[in-house]
Amino acid sequence: MIELKNVALRSGSFFLSEVSFLIPSGVYAVLMGKTGVGKTTILESICGLRKITSGEIHIDSIDVTDWLPGDRQIGYVPQDLALFPTMTVREHLEFALLLRKESRTAINQRVDEMSEVLGIRSLMNRGIQGLSGGERQRVALGRALTMRPSILLLDEPLSALDENTRIEMQALLAKIKSATGVTTLHVTHNQQEAETLADMTLRLERELEISRVTVL
């Protein structure tokens, strides 16, 4: 479950004001809206990467507003993927588990599970250089999902892909939704993505000093 209660944020001339919405547990929600209205800012605020000026952020009914990003149990895939150029695919999938000091047995088991779900078992010893756009997206998803996050945040995950790869990745996201049941908030401009994936569609709009999220 993801809940924002009257969240406000201001940075220079940019602002969000009184943003509220609730995404129930297990729901795949898609957030849409014009460029610059603050969709990515909302994701970063939920992650703890941006400090809000007022309001509350709840994850699974727990107020995490003042928690550090690493304590929020969130899987986040930013638009640029933020993959590490010196790491192999396996090292990306192991990354969060190593930070949490999981046992080697548990790490190997979880990485094997996710590589199978994502269809990247044959890529595990490769670096990310030379991977296709779709393969990189799978690696970024794997890194976000291996530590079994409470929620998954996706910032325009398919925007840089060609049409065939986009369709393939939509099918993969639907498979992940079915396999994991993780509560997901997916930002996109693409109506077809929303229609294909969303259990719930939200629209963020901003006019003058007012931000508003509506359920479509």
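Small disclaimer: the values here were computed from a predicted structure and weren't measured.

If you had to explain the overall build of the chain to someone new, which residues and values would you point to?
When helices and strands are tallied, the chain shows 6 helices and 10 strands. Computed over its C-alpha atoms, the radius of gyration of the chain comes to 17 Å, within 12% of the 17 Å expected for a compact globule of 216 residues. In terms of overall dimensions, the chain has a C-alpha envelope of 50 × 40 × 30 Å along the principal axes. Considering the chain as a whole, with its 216 residues, one finds that 50% of them fall into the buried category. A separation of at least 24 residues holds for 68% of the contacts in the chain among residues at least 6 apart in sequence. Accessible surface for the chain amounts to roughly 10200 Å². Of this, 50% is attributable to carbon and sulfur atoms. Of the side-chain charges in the chain, 24 are positive and 27 negative, and the distance between the mean point of each set is 3 Å.

Please set out helix α2 (residues 89-99) residue by residue, giving values where relevant.
Regarding α2, the residues found buried are Val89, His92, Leu93, Glu94, Ala96 and Leu97. Contact partners of the buried residues in α2: α3 (104-118) and α4 (133-145). Immediately downstream of α2, the backbone of Lys101 shows phi near 60°, a positive value.

So, the pattern of salt bridges: which residues are in play, and what are the values?
Using the criterion set out here, one finds 9 salt bridges in the structure. For Arg50, the salt bridge is made with Glu44, and the minimal N-O distance between the two is 2.6 Å. With a relative accessible area of 31%, Arg50 lands in the partly exposed category. A salt bridge links Glu113 to Arg148; the nearest nitrogen and oxygen atoms lie 3.6 Å apart. Of this pair, Glu113 sits in helix α3 while Arg148 is found in the loop between α4 and β7 (151-155), placing the two residues 35 residues apart along the sequence. Given the relative accessible area of 51%, Arg148 is considered exposed.

An account of the sheet that holds strand β5 (residues 62-63) is requested, with residue identities and associated values reported.
With antiparallel pairing, 4 strands are arranged side by side in an open sheet as β2-β1-β4-β5. Only two strands of the sheet have a single partner each, and these edge strands are β2 (14-23) and β5. Bridge count for strand β4 (residues 54-59) against β5 is 2 bridges, and the pairing is antiparallel. Counterpart to Ile59 in the pairing with β5 is Ile62.

Could you give an account of empty space enclosed by the protein, naming the residues involved and the relevant values?
In total, this model carries 1 cavity of 30 Å³ or more according to the counting rule given. Taken as a whole, the largest cavity holds about 30 Å³ of empty space. The wall of the largest cavity is formed by Tyr28, Leu152, Leu154, Leu173, Ile176, Lys177, Val182 and Thr184. Within the residue set of the lining of the largest cavity, elements represented by two or more residues are β7 and α5 (163-180). In the lining of the largest cavity, the residues fall into 6 nonpolar, 1 polar and 1 charged.

Go over the packing of aromatic side chains, please, and point to the residues and values.
Counting across every chain of the model gives 1 aromatic pair. Geometrically, the ring pair formed by Phe84 and Phe95 is tilted, given 5.1 Å between the ring centres and 55° between the ring planes. On the criterion of sequence distance, the pair formed by Phe84 in the loop between β6 (74-77) and α2 and Phe95 in helix α2 is long-range, its members being 11 residues apart. Note that Arg143 overlies the ring of Phe84, its terminal NZ or CZ placed 5.1 Å from the centroid.

Provide a residue-level description of the sheet that holds strand β8 (residues 183-187), including the pertinent values.
One open sheet accounts for 6 strands, arranged β6-β7-β8-β3-β9-β10; its pairing is mixed. The two strands at the open ends of the sheet, each matched to only one other strand, are β6 and β10 (210-215). Each neighbouring strand pair of the sheet contributes to a mean axis angle of 20°, computed without reference to strand direction. Looking at chain direction, β7 and β8 are connected through 5 bridges and run parallel. Looking at β8, one finds that Leu153 is bridged to Leu185. In the packing of helix α1 (residues 39-47) onto the sheet, contacts are made with β3 (28-32), β6, β7, β8 and β9 (200-207), and the angle to β7 comes to roughly 150°.

How each quantity is defined
Residues numbered from 1 in each chain as written. Predicted model: local features only at pLDDT ≥ 70, side-chain atom pairs only at ≥ 80, totals over all residues. Heavy atoms only, no water. Helix = DSSP H or I, 4+ residues; strand = E, 2+ residues; numbered from the N terminus. Rg over C-alpha atoms; globule rule 2.2 N^0.38 Å. Buried < 20%, exposed > 50% of the residue type's maximum accessible area, 1.4 Å probe, protein only. Contact = heavy atoms within 4.5 Å. Areas by Shrake-Rupley, 256 points an atom, 1.4 Å probe, with all protein chains shown as cover. Lys, Arg positive; Asp, Glu negative; His and termini not counted. Charge placed at Lys NZ, Arg CZ, Asp CG, Glu CD. Salt bridge = Lys/Arg side-chain N within 4 Å of Asp/Glu carboxyl O. Pairing = 2+ DSSP bridges. 1 Å grid on protein atoms, 1.4 Å probe; cavity = no way out; pocket = protein on both sides within 12 Å on 5 of 7 lines; lining within 4 Å. Points joined across faces, edges and corners; volume = space filled by probe spheres on them. Nonpolar A, V, L, I, M, F, W, Y, C, P; charged D, E, K, R; others polar. Phe/Tyr/Trp six-rings, centres within 6.5 Å; stacked < 30°, edge-to-face > 60°. Lys NZ or Arg CZ within 6 Å of the ring centre and 35° of its normal. Axes fitted to C-alpha atoms, helices over the stretch in contact; angles between N-to-C directions.

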